[in-house]
Amino acid sequence: MATRRPPRARPETAAKRTEILRAATATFGAKGYNNGPLTEIADQVGMTHAGVLHHFGSKDQLLLEVLKYRDATDVEHFEGQHIPDGIELFRHLVRTAFVNETRPGIVQAYAVLSAESVTDDHPGRSYFQERYRTLRAEITAAFAHVCAEHGVDDPDGVRRAGAAILAVMDGLQVQWLLDPDDIELGSASAFAIEALVAAVLHPAPSVLGADDTPAAAG
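No experiment lies behind these values; they were computed from the predicted model shown. (Residues numbered from 1 in each chain as written. Predicted model: local features only at pLDDT ≥ 70, side-chain atom pairs only at ≥ 80, totals over all residues. Heavy atoms only, no water.)

A. Structural view of the packing of helix α1 (residues 11–35) against helix α3 (residues 49–56). Their axes nearest at 11 Å, the elements α1 and α3 cross at an angle of 115 degrees. Between α1 and α3, the crossing angle belongs to the class labelled roughly perpendicular. Helix-helix and strand crossings are classified by hand; for α1 and α3 the assignment is left-handed. For the pair α1 and α3, contact is made by T13, K16, R17, I20 and L21 and by V52, H55 and F56, respectively. For the contact of α1 with α3, the per-class residue count stands at four nonpolar, two polar and two charged. (Axes fitted to C-alpha atoms, helices over the stretch in contact; angles between N-to-C directions. Helix = DSSP H or I, 4+ residues; strand = E, 2+ residues; numbered from the N terminus. Parallel < 35°, antiparallel > 145°, perpendicular 65-115°, else oblique. Left-handed = near helix turned anticlockwise from the far one by under 90°. Contact = heavy atoms within 4.5 Å. Nonpolar A, V, L, I, M, F, W, Y, C, P; charged D, E, K, R; others polar.)

Right under this line is the structure:
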């Protein structure tokens with residue numbers, strides 16, 4: 001007997017879900033997950049609280065779907081909808097920073113929810129833990145390709161650079177959200193990513209005298 005496929009969502013249902021996700025992104029971005037009420041989200045899309053739950057089941061599930069929706073917007077223009085490898089990954093990160101200048105609502109939601117996720121029992125904690133692990137692994141793999149092309153073998157530098165790239169991008173987003181007239185999100189991100197990639201491919205003595213051992217005080 002052939003296995004029955006689950007029914008596909010009707011176009012109007014899919015459109016309504018997307019509308020709810022956009023409203024939830026705005027609400028969670030402005031108020032956070034804990035303080036962002038479902039009733040406010042429902043009002044934005046002309047539905048009841050129960051109507052939103054009909055589509056997503058629970059507020060926790062809605063949050064996870066918002067995060068997936070945010071991820072999908074990053075890769076929707078790529079063939080197969082996944083990020084590239086090698087040097088193209090770093091170029092993609094730079095392009096993403098420039099695109100983010102045009103979508104402050106999504107950037108705000110990500111910044112707020114990622115910060116909240118470090119708190120106890122936050123429903124997005126596992127998502128962000130896995131997201132950062134995945135991104136670090138993808139950046140490490142991209143570095144492996146680029147380093148091989150340049151004859152560089154520095155696994156410790158690659159590991160640190162991967163974490164630093166993500167930290168710089170997220171930190172610049174927060175600064176930009178707080179002071180968009182003073183921070184050029186795309187240009188500053190491009191500068192930092194370029195500098196970190198160059199530091200791995202063309203290592204040089206530290207101008208700061210920094211190493212793995214903190215300098216003695218005094």
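B. Main features of a negative patch on the surface. There is a patch of like negative charges on the surface, built from E101, D179, D181, D182 and E184. Following the sequence through the fold, E184 ends up in the loop between α8 (155–178) and α9 (185–201). (Patch = residues over 30% accessible without salt bridge, like charges linked within 9 Å, V, L, I, M, F, W, Y side chains within 5 Å. Areas by Shrake-Rupley, 256 points an atom, 1.4 Å probe, with all protein chains shown as cover. Salt bridge = Lys/Arg side-chain N within 4 Å of Asp/Glu carboxyl O. Lys, Arg positive; Asp, Glu negative; His and termini not counted. Charge placed at Lys NZ, Arg CZ, Asp CG, Glu CD.)

C. Representation of the packing of aromatic side chains in the model. Summed over the entire model, instances satisfying the criterion amount to four aromatic pairs. Taken together, a centroid distance of 5.0 Å and an interplanar angle of 85 degrees make the contact between Y127 and F128 edge-to-face. Across this residue pair, the class does not change: Y127 and F128 are buried. Ring-pair connections join several aromatic residues into one group, and the members of that group are Y110, Y127 and F128. One residue, K59, lies across the ring of Y33, its end atom 4.6 Å from the ring centre. (Phe/Tyr/Trp six-rings, centres within 6.5 Å; stacked < 30°, edge-to-face > 60°. Buried < 20%, exposed > 50% of the residue type's maximum accessible area, 1.4 Å probe, protein only. Lys NZ or Arg CZ within 6 Å of the ring centre and 35° of its normal.)

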